[in-house]
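Descriptive structure summary
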Amino acid sequence: MVVSVQKTLLIQCEICGRVETYDINLFHISKGQKFEYKSSFNSTGIFVKTFDYKTYFIESHCPICGSTHIYRCSLKDILENNNCFNMNNYKNCFIENKENDEIDSKAEEEFDNCLRKFKIFMSSLERLEKLNEEGKITCDCGNDKMKVELFSDRIELICRNCKSVQIIYTETEEDLKVLLEKEKIHLKTCNISYIDSISEKIKDVKRINGKEQ
């Protein structure tokens, strides 16, 4: 059986969102040398390296945590599967099977979706940072020092004193709009509360019915 070592590398530019494509031959990568592939504006660099053509190392910058993540893949895995790399559901690097020089449109759609979610996530973080700088994130217990935990679909603020939690969802434009309209965030002692578009709609219904709590 003849196996093609030709693959297509797709890289999402962190600045403009454009998808850059490179045709690569896995056996043309020199042993022990890192080959770098860059996106538009040279903002996103993906490094590929191998020592024996049996194992490949992919270095990918993570736009969420700012670190570089290293992924170890066997040649068999790369040849048999389409691979994507990065964390928290933000995938800025794909290695796909090369077929007739055409890129699967689904990959570009996923890139666009990931980029949209990333922008919502970062805008949410920026809003929280501004509220915190203005001293507008507090808890009923009197504490204003919060621990921040990041997830793929939400941000959690945890009171360091009473452990109350404020969950802020970052999945949709509507979620972001709700957060941007908040002038302050006030946690309830030893409680869990939410900020998202669904919770806001429920509050609106309660207001209309005169049952807001």
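Just above sits the structure.
**Some points on the packing of aromatic side chains**
Summed over all chains, the structure comprises two aromatic pairs. For the ring pair Phe51 and Phe57, a centre distance of 6.1 Å and an interplane angle of 75 degrees mean the geometry is edge-to-face. Phe57 gets classed as partly exposed once you look at its relative accessible area, which sits at 25%. Note on Tyr169 and Tyr194: the rings are 6.5 Å apart at their centroids and 10 degrees apart in plane angle, and the pair reads as stacked. In this pair, Tyr169 is assigned in strand β12 (residues 165-169) and Tyr194 in strand β14 (residues 192-195), connecting sequence segments 25 residues apart. Residue class for Tyr169 comes out partly exposed when judged on its relative accessible area of 22%. Here Tyr194 falls in the partly exposed class, since its relative accessible area comes to 40%.

**Some words on the sheet that holds strand β10 (residues 146-150)**
Spatially, β10-β11-β12-β14 is the arrangement adopted by the four strands of the open sheet, whose pairing is mixed. Sheet topology places β10 and β14 at the edges, where each strand pairs with a single neighbour. Taken over all neighbouring pairs, the strand axes of this sheet differ in orientation by 20 degrees on average, direction set aside. As paired elements, strand β11 (residues 154-159) and β12 share five bridges and run antiparallel to each other. Directly across from Glu156, in β12, lies its bridge partner Ile167.

How each quantity is defined
- Residues numbered from 1 in each chain as written.
- Predicted model: local features only at pLDDT ≥ 70, side-chain atom pairs only at ≥ 80, totals over all residues.
- Heavy atoms only, no water.
- Phe/Tyr/Trp six-rings, centres within 6.5 Å; stacked < 30°, edge-to-face > 60°.
- Buried < 20%, exposed > 50% of the residue type's maximum accessible area, 1.4 Å probe, protein only.
- Helix = DSSP H or I, 4+ residues; strand = E, 2+ residues; numbered from the N terminus.
- Pairing = 2+ DSSP bridges.
- Axes fitted to C-alpha atoms, helices over the stretch in contact; angles between N-to-C directions.

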